[in-house]
Amino acid sequence: MNTQSPILQIKEYGQSIWLDNLSRDAIQSGELKEMIASRNVRGVTSNPAIFEKAIAGNKIYDADIAANAGKSVMEIYESLVFDDIRNACDILRPVYDETNGLDGYVSIEVPPNLARDTATTLAEAKRYFAAVNRPNVMIKIPGTPEGFPAVESAIAAGINVNITLLFSVDSYVDTFWAYIRGLEQRVAAGQDVSKIGSVASFFISRIDNAIDAKLEQLIASTSDPVLQEKMRGLKGKIAIANAKVAYQEYKKIIQSDRWKALSAKGAQVQRLLWASTSTKNPEYSDVLYVNELIGPNTVNTMPPNTIEACADHCEIASRIEINLEEAYQAIETLPEIGINLNQVMADLLEDGIDKFIKPFDSLLASLEAKIKQLTPA
């Protein structure tokens, strides 16, 4: 009988656990090191919302803010964040070395208001990568139509990239091909492709939130009990079904001749990373989006409370390829009952960009207030 904590068993199925949180407190207190040791955390992701929570109202940053007096708000923000990212990269460097660059990454996002600006996104990705100056930093670029050319060029430039805010399977496929094209550019230029890491951050729980709300509206609008039951049966099912379909597309791409040629040159596969895996609906298990998405060559990035819940009561088994027929059927049923999944995904992308821009703007505003407070008149 395996007496290990469930979360420690996940690695046996080819999945890595990354922490979806970062703060200076966790770095300085040793909490991050402890999570690497006791929870097998193999990477860290950050975003503007995470940094807003970490920095706003936190005195741990005051000395650095005061020391940077005279600089712009953006320069001070970057100084604080780059320091945290560098220190987290250093803590995770042994994981990076031990796994030959598969894990051990820390992700930092380019400013979210650039999501529709290819050229500036690429310029900022290059600047961030150089400024952090760690081989295990990953630059997050949104999975928008404007983001994909930036991803391709960043990969071609030798930058590790985490493509974020992916909701639709089509966007995921575009992401993998952007990665492949970037690597192919490097091969054509005679450059090494073996040291570049990339993940595709495929969002999960937000999809169920959006679809479940539409299902509730449709259930309320019909008196047909058979139809109502059919709709109820789809609640809490679409996000996982969508992820399973995406994983099947991943399997197709890695069988392509173009990918095999890159793999032969030492290229690392771009792994699907399950993001937004904390359960938002209290009717569902708090580890629903962990249990159902375990499988080879994947990452699950979880906030601390989900990691602890999984350590306590996850039920570990490889499930990413079970019940595939039901997954495809669930997706195919949506248009039959009046839900346009493509539109839902497009709306989620716009909403996702907004959910990063607002805390980013809020953080800059709170930093500006803090600077005034700490700087003598």
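Residues numbered from 1 in each chain as written. Predicted model: local features only at pLDDT ≥ 70, side-chain atom pairs only at ≥ 80, totals over all residues. Heavy atoms only, no water.

Caption draft 1: Structural context of the side chain of Ser46. The topology assignment puts Ser46 in the loop between strand S2 (41–44) and helix H4 (48–55). Within polar-contact distance, the side chain of Ser46 engages the backbone oxygen of Ser107 at 2.5 Å. When near neighbours in sequence (up to four residues on either side) are disregarded, Ser46 contacts Leu22, Phe51, Ile85, Ser107, Ile108 and Lys140. (Helix = DSSP H or I, 4+ residues; strand = E, 2+ residues; numbered from the N terminus. Polar contact = N/O pair within 3.5 Å; in protein donor to acceptor, adjacent residues only side chain to side chain. Contact = heavy atoms within 4.5 Å.)

Caption draft 2: Region of the structure containing unusual backbone geometry. Phi is positive for Asn297, which is not a glycine, with a value near 55°. By the element assignment, Asn297 lies in the loop between helix H14 (288–291) and strand S8 (298–302). Owing to a relative accessible area of 34%, Asn297 belongs among the partly exposed residues under this scheme. Phi is positive for Asn323, close to 55°, though the residue is something other than glycine. For Asn323, the position within the fold is in the loop between helix H15 (304–313) and helix H16 (324–336). Its relative accessible area of 45% is what places Asn323 among the partly exposed residues. (Buried < 20%, exposed > 50% of the residue type's maximum accessible area, 1.4 Å probe, protein only.)

Caption draft 3: Geometry of the packing of aromatic side chains. Going through the model one piece at a time under the given rule, you end up with 13 aromatic pairs. Between Phe82 and Tyr128, the ring centres sit 5.0 Å apart and the planes meet at 80°, which makes this aromatic pair edge-to-face. Linking Phe82 in helix H6 (residues 73–98) with Tyr128 in helix H7 (residues 118–132), this pair joins segments that are 46 residues apart in sequence. For Tyr128, a relative accessible area of 1% translates into the label buried. Taken together, a centroid distance of 6.2 Å and an interplanar angle of 75° make the contact between Phe202 and Trp274 edge-to-face. A residue pair is termed long-range when its members are at least 10 positions apart, and Phe202 in strand S6 (residues 198–203) and Trp274 in strand S7 (residues 271–275) qualify at 72 residues. Just as Phe202 is buried, Trp274 falls in that class too. One aromatic cluster is present, built from ring pairs that chain together Tyr172, Phe176, Tyr179, Phe202, Tyr247, Tyr250, Trp259 and Trp274. (Phe/Tyr/Trp six-rings, centres within 6.5 Å; stacked < 30°, edge-to-face > 60°.)

Caption draft 4: Main features of the layout of surface pockets. Approximately 550 Å³ is the volume attributed to the largest pocket. If you trace the largest pocket, you find 26 residues lining it, with Asp20, Asn47, Ile50, Lys53 and Arg206 closest to the centre. For the lining of the largest pocket, the secondary-structure elements that each account for two or more residues are H4, strand S5 (161–166), S6, S7 and helix H17 (341–374). Ranked by residues supplied to the lining of the largest pocket, first place goes to H4 with four residues. (1 Å grid on protein atoms, 1.4 Å probe; cavity = no way out; pocket = protein on both sides within 12 Å on 5 of 7 lines; lining within 4 Å. Points joined across faces, edges and corners; volume = space filled by probe spheres on them.)

Caption draft 5: Summary view of the UniProt feature "active site" (unreviewed entry) in the protein chain. In the numbering used here, UniProt assigns the "active site" (unreviewed entry) feature to Lys140. Note that Lys140 resides in strand S4 (residues 137–142). Once residues lying within four places of it in the same chain are set aside, the contact partners of Lys140 are Thr45, Ser46, Asn47, Ser107, Ile108, Glu109, Val110, Asn162 and Thr164. Only 2.9 Å separates the side chain of Lys140 from the backbone oxygen of Ser46, close enough to count as a polar contact. (UniProt positions renumbered as here; feature names shortened; annotations may be inferred.)

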